[in-house]
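So you can see what is in the structure, the chains are spelled out below.
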Amino acid sequence: MTARDTPPARFSVRAALGLWLVVLRRRPAAFFRVALVAVVFQAVLTGLLTYAYAGFGDALERASQDGLEFNAEVLRANLIMIIYPLLSFPLWFWLETAWLRLYNNEARPWAMRWSEPGFLFLSYLVVFGIYFGGLIASLLIMFVIGLAAFSLMSAGSWMAGSVWVYLIAIPLALLPYFAVGAVLARFSALPALAVMHRTLDPGSAWRATKGALWRILAAWVIALMVYGALVAGFVQIGQNWSPVLRAYWEMMALGFNPARDPDSFIHPYTAFAGLFDTPGAALWLAADALAISGLYVVAAAIMRGIGVTLAWRAPAHASELSTAKDSRA
């Protein structure tokens, strides 16, 4: 390995969450260069997404007034929504490889090998496949548990109206979600290993978490809580003076519930109607996008330490072993 000769015997929550500070102190210039590119990149994506939301909102507001204007607004918003993934995915995977090389203390973090984004993409396909498969299974299990609890309460048994129904049903309903989280935690090292070894190695990622599952879960919970608190706090406070953050806050409040309202998918966009008719909205968007992107980069920097620290614990890859043998020979 580049960063360490021998993997640590014990996964430390403190060391994993604090790895970004170690990297910052060790290579501040490289860290800030990568971070600056990441912040600007995320800010541009946030601006594009906001313009698309505002386009949909303006179109919905003018739907009953001018059909041509409605079509033009929808077309512009749809074009932005098409450009967004075409721009974000390739650049994001390239930037993520730079972060992981920097965290692994490689001399040239920008020197990407062309196979790295591909293996990184495959690793995230595995992670998202586990997530969505587990989510579907969890929803089915929760549905069955809900039906069983309702049947018991409707049958007039001794459990009808009893608090024991909730004490039993709620943990059972949450258990599948915990199981999905535990499985995802076991593959925390997979993206980092994909870049460090340039291969897809789920077995090594799984073995890297041996004996450390609870500490890994604790590290992820802490990191996600920090990220959620930073973003939610910033948006909640900033909505008092920023029209952009106010629109995002109202968008979250409007929600999406097609079961109750088939047209609810259009409601969140109405929060952005007329956004750029507000004086200074473009300046607010630039400032808010940079601030939110900065918070995202800080939180992501903390989270990357978990995967890289676990990747150092993974068994040596076959290519590394052969290279070591050749060097000794």
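S.K.: Kindly report on the overall build of the chain, identifying the contributing residues and their values.
M.R.: A count of helices and strands for the chain gives twelve helices and zero strands. For the chain, the sequential pattern of α-helices and β-strands runs α-α-α-α-α-α-α-α-α-α-α-α. A burial count over the chain gives 40% of its 329 residues as buried. Taking contacts inside the chain between residues at least 6 apart in sequence as the whole, the part at least 24 apart equals 74%. Accessible surface computed for the chain: about 18,000 Å², of which carbon and sulfur atoms make up 70%.

S.K.: Could you give me a rundown of the nonpolar core, with the residues and numbers involved?
M.R.: Phe11, Phe31, Trp99, Tyr103 and Ile306 are the most contacted members of the largest nonpolar core, which has 50 residues in total. Top element by residues in this core is helix α11 (residues 281-313). It accounts for ten residues. When near neighbours in sequence (up to four residues on either side) are disregarded, Trp99 contacts Phe31, Val34, Ala35, Ala38, Val297 and Arg304. Core analysis: the next-biggest nonpolar cluster, separate from the first, contains eleven residues, Tyr53, Tyr248, Leu275 and Leu285 among them.

S.K.: Can you tell me about the packing of helix α7 (residues 190-197) against α11, naming the residues and giving the values?
M.R.: Look at α7 against α11: their axes get within 8 Å of each other, and the N-to-C directions meet at 60°. Crossing angle aside, the handedness with which α7 passes α11 is right-handed. Between α7, through Ala192, Leu193 and Met196, and α11, the contact on the second element is made entirely by Gly307, Val308, Ala311 and Trp312. Split into classes, the residues belonging to the contact of α7 with α11 amount to six nonpolar, one polar and no charged.

S.K.: Could you give an account of helix α2 (residues 19-26), naming the residues involved and the relevant values?
M.R.: Within the sequence span of α2, burial applies to Leu19, Trp20, Val23 and Leu24. All buried residues of α2 fall inside an arc of 140° around its axis, so they share one side.

S.K.: Requested: an account of the pattern of salt bridges, with residues and values cited.
M.R.: All told, the structure shown has five salt bridges when counted by the stated rule. Residues Arg113 and Glu106 are paired through a salt bridge, measuring 3.8 Å at the closest nitrogen-oxygen approach. Glu116 is the salt-bridge partner of Arg113, the closest N and O atoms lying 3.2 Å from each other. The network of salt bridges with common partners includes Arg101, Glu106, Arg113, Glu116 and Arg198.

S.K.: I'd like to hear about the confidence of the model for the chain, residue by residue, with values.
M.R.: Per-chain confidence: the chain averages 81 in pLDDT, with 80% of residues scoring 70 or above. Predicted confidence in the chain is weakest over helix α12 (residues 318-328), with a mean pLDDT of 43, and strongest over α2, with 93. With pLDDT under 50 throughout, residues 321-329 is counted as low confidence; its partners more than four residues away or in other chains account for one contact.

S.K.: Outline the packing of aromatic side chains, listing residues and values.
M.R.: Within this structure, the stated rule accounts for 19 aromatic pairs. With a centroid separation of 6.1 Å and 90° between ring planes, the pair formed by Phe31 and Phe32 is classed as edge-to-face. Given a relative accessible area of 6%, Phe31 falls into the buried group. Phe32 sits in the exposed class, given a relative accessible area of 52%. Ring pairing ties together the aromatic residues Trp92, Phe93, Phe121, Tyr124, Phe128, Tyr131 and Phe132, which thus form one cluster. We note Arg186 situated over the ring of Trp206; from NZ or CZ to the ring centre the distance is 4.1 Å.

S.K.: Please provide a residue-by-residue account of the side chain of Gln239, values included.
M.R.: Residue position: Gln239 is located in the loop between α9 (213-238) and α10 (243-254). Residue classification places Gln239 among the buried residues on the basis of a relative accessible area of 17%. A polar contact of 3.3 Å, which involves the side chain of Gln239, links it to the backbone oxygen of Gln236. Those residues in contact with Gln239 that lie beyond four places of it in its chain are Leu245, Arg246 and Trp249.

S.K.: Describe a nonpolar patch on the surface, and please don't skip the residues or the numbers.
M.R.: A surface patch of nonpolar side chains, amounting to about 480 Å² of accessible area, comprises Leu36, Val40, Val44, Ile83, Leu87 and Leu91. Elements with a minimum of two residues in the nonpolar patch: α3 (28-61) and α4 (67-103). Structurally, the position occupied by Leu36 is in helix α3.

S.K.: Describe the environment of Ala194, naming the residues involved and giving the relevant values.
M.R.: With respect to the secondary-structure elements, Ala194 resides in helix α7. Exposure remark for Ala194: the relative accessible area of 0% places this residue in the buried category. Through-space distance from the C-alpha of Ala194 to that of Gly118 is 8.8 Å; in sequence the pair is 76 residues apart. In this structure Ala194 touches Phe119, Leu120, Ser123 and Thr199, once residues within four positions along its chain are discounted.

S.K.: Requested: an account of the side chain of Thr46, with residues and values cited.
M.R.: Relative to the assigned elements, Thr46 resides in helix α3. At 2.9 Å, the side chain of Thr46 and the backbone oxygen of Gln42 are in polar contact. When near neighbours in sequence (up to four residues on either side) are disregarded, Thr46 contacts Tyr248, Ala289 and Ser293.

Cut-offs used in this document
Residues numbered from 1 in each chain as written. Predicted model: local features only at pLDDT ≥ 70, side-chain atom pairs only at ≥ 80, totals over all residues. Heavy atoms only, no water. Helix = DSSP H or I, 4+ residues; strand = E, 2+ residues; numbered from the N terminus. Buried < 20%, exposed > 50% of the residue type's maximum accessible area, 1.4 Å probe, protein only. Contact = heavy atoms within 4.5 Å. Areas by Shrake-Rupley, 256 points an atom, 1.4 Å probe, with all protein chains shown as cover. Core = buried A, V, L, I, M, F, W, Y, C linked by side-chain atoms within 4.5 Å. Axes fitted to C-alpha atoms, helices over the stretch in contact; angles between N-to-C directions. Left-handed = near helix turned anticlockwise from the far one by under 90°. Nonpolar A, V, L, I, M, F, W, Y, C, P; charged D, E, K, R; others polar. Arc of directions from axis to C-beta. Salt bridge = Lys/Arg side-chain N within 4 Å of Asp/Glu carboxyl O. pLDDT = per-residue confidence, 0-100. Phe/Tyr/Trp six-rings, centres within 6.5 Å; stacked < 30°, edge-to-face > 60°. Lys NZ or Arg CZ within 6 Å of the ring centre and 35° of its normal. Polar contact = N/O pair within 3.5 Å; in protein donor to acceptor, adjacent residues only side chain to side chain. Patch = residues over 30% accessible without salt bridge, like charges linked within 9 Å, V, L, I, M, F, W, Y side chains within 5 Å.

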